[in-house]
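Here's the letter readout for the chains.
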Amino acid sequence: QLQLVESGGDLVQTGGSLRLSCTASGLGVDVESYAIGWFRQAPGKERGGISCISSRNYVKYYEDSGEGRFTISRDNAKNTVYLQMNSLRPNDTAMYYCAADPIYYPYCPPSGGFFGSWGQGTPVTVAM
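The structure reproduced in this document is the subject of the present report. Treat the numbers as computed from the prediction; the structure is a model and nothing was measured.

## Structural notes on the pairing of strand E11 (residues 122-127)
Only one face of E11 is buried, namely the one carrying Thr122, Val124 and Val126, since none of Pro123, Thr125 and Ala127 on the opposite face is buried. Where strand E2 (residues 11-13) meets E11, three bridges bridge the pair, whose relative direction is parallel. By the bridge assignment for E11, Leu11 is matched with Thr125. Note that strand E9 (residues 94-101) and E11 share three bridges and pair antiparallel. Across the sheet, Met95 pairs through a bridge with Pro123, a residue of E11.

Listed below in structure tokens is the structure:
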């Protein structure tokens with residue numbers, strides 16, 4: 001079974017940067033074949049999709065992509081997908097989750113509802 005662990009969330013000032021990490025693991029699981037996506041959910045709001053990167057490094061942007069401020073990347077040797085977030089704003093405050101999917105290989109699923117495995121999330125707080 002695939003397991004995902006997010007890290008890197010923190011309290012930052014407006015305009016600051018953070019790099020989130022999502023590390024995948026699983027006994028007998030071909031982690032490299034999974035597409036990994038980043039999502040976020042602010043208090044009182046619905047979950048929004050940021051972006052996804054497939055095992056072939058195809059990138060798909062979802063509706064909450066960060067307006068060009070967020071960049072997704074992947075290091076297969078470390079089984080880790082990163083989300084670099086720059087020029088952070090208070091409305092970026094949210095719990096950030098990563099999720100994985102093997103079905104749409106070599107591409108990413110069309111939306112968050114198609115991802116089968118989810119991490120526990122890492123909190124990001126952007127202070128004014």
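## A few points about the state of the cysteines
The final tally for this structure, using the stated rule, is two disulfides. A sulfur-sulfur distance of 2.1 Å marks the disulfide that ties Cys22 to Cys98. Taking the sign of the S-S torsion, about 70° here, the bridge from Cys22 to Cys98 comes out right-handed. Of the two residues, Cys22 is situated in strand E3 (residues 18-25) and Cys98 in strand E9; the sequence distance between them amounts to 76 residues. The disulfide that involves Cys52 links it to Cys108, with 2.1 Å between the sulfurs. Handedness here is read from the sign of the S-S torsion; for Cys52 and Cys108, about -85°, the answer is left-handed. Of the two residues, Cys52 is situated in strand E5 (residues 48-53) and Cys108 in the loop between E9 and strand E10 (117-118); the sequence distance between them amounts to 56 residues. As far as the burial class goes, Cys52 and Cys108 line up, both buried.

## Thoughts on the side chain of Arg69
Inspection of the secondary structure assignment puts Arg69 in the loop between strand E6 (59-61) and strand E7 (70-75). The class for Arg69 is buried, based on a relative accessible area of 10%. At 2.8 Å, the side chain of Arg69 and the side chain of Asp92 are in polar contact. Filtering out sequence-adjacent residues up to four positions away, Arg69 remains in contact with Gln84, Met85, Asn86, Ser87, Leu88, Arg89 and Asp92.

## Looking at the pattern of salt bridges
Enumeration over the complete set of coordinates arrives at four salt bridges. Between Asp64 and Arg40 there is a salt bridge; the shortest N-O distance is 2.8 Å. Of this pair, Asp64 sits in the loop between E6 and E7 while Arg40 sits in strand E4 (residues 35-41), and the two are 24 residues apart along the sequence. Of the charged contacts, one joins Asp92 and Arg69 as a salt bridge, the two residues approaching to 2.8 Å between their closest N and O atoms. Of this pair, Asp92 sits in the loop between strand E8 (80-85) and E9 while Arg69 sits in the loop between E6 and E7, placing them 23 residues apart in sequence. A cluster of three or more residues bridged by salt bridges with shared partners is formed by Arg40, Asp64, Arg69 and Asp92.

Cut-offs and rules
- Residue positions are given per chain, counted from 1 along the sequence in the order it is written.
- For a predicted model such as this one, the threshold for reporting local features is a pLDDT of at least 70, and the threshold for listing and counting side-chain atom pairs is 80 or more; totals across whole chains, interfaces and linings nevertheless cover every residue.
- Each side-chain value is worked out from all heavy atoms of the structure, with water and hydrogens disregarded.
- Whether a residue is buried, partly exposed or exposed follows from its accessible area with a 1.4 Å probe, protein chains only, as a fraction of its type maximum: under 20%, in between, or over 50%, in that order.
- Elements are defined by DSSP. Helices are runs of H or I of four residues or more, strands are runs of E of two residues or more, and each kind is numbered from the N terminus.
- Think of it this way: DSSP has to see at least two bridges between two strands before they count as a pair.
- Throughout, a disulfide means two cysteine sulfur atoms within 2.5 Å of one another.
- Any pair of nitrogen or oxygen atoms within 3.5 Å is treated as a polar contact; in protein, a donor-acceptor pairing is required on top of that, and neighbouring residues in sequence qualify only through side-chain atoms on both sides.
- Residue contacts are defined here by distance: any two heavy atoms, one from each residue, within 4.5 Å place the two residues in contact.
- For this analysis, a salt bridge means a side-chain nitrogen from Lys or Arg found within 4 Å of a carboxyl oxygen belonging to Asp or Glu.

Spatial relationships are all this shows, so hold off on functional conclusions.
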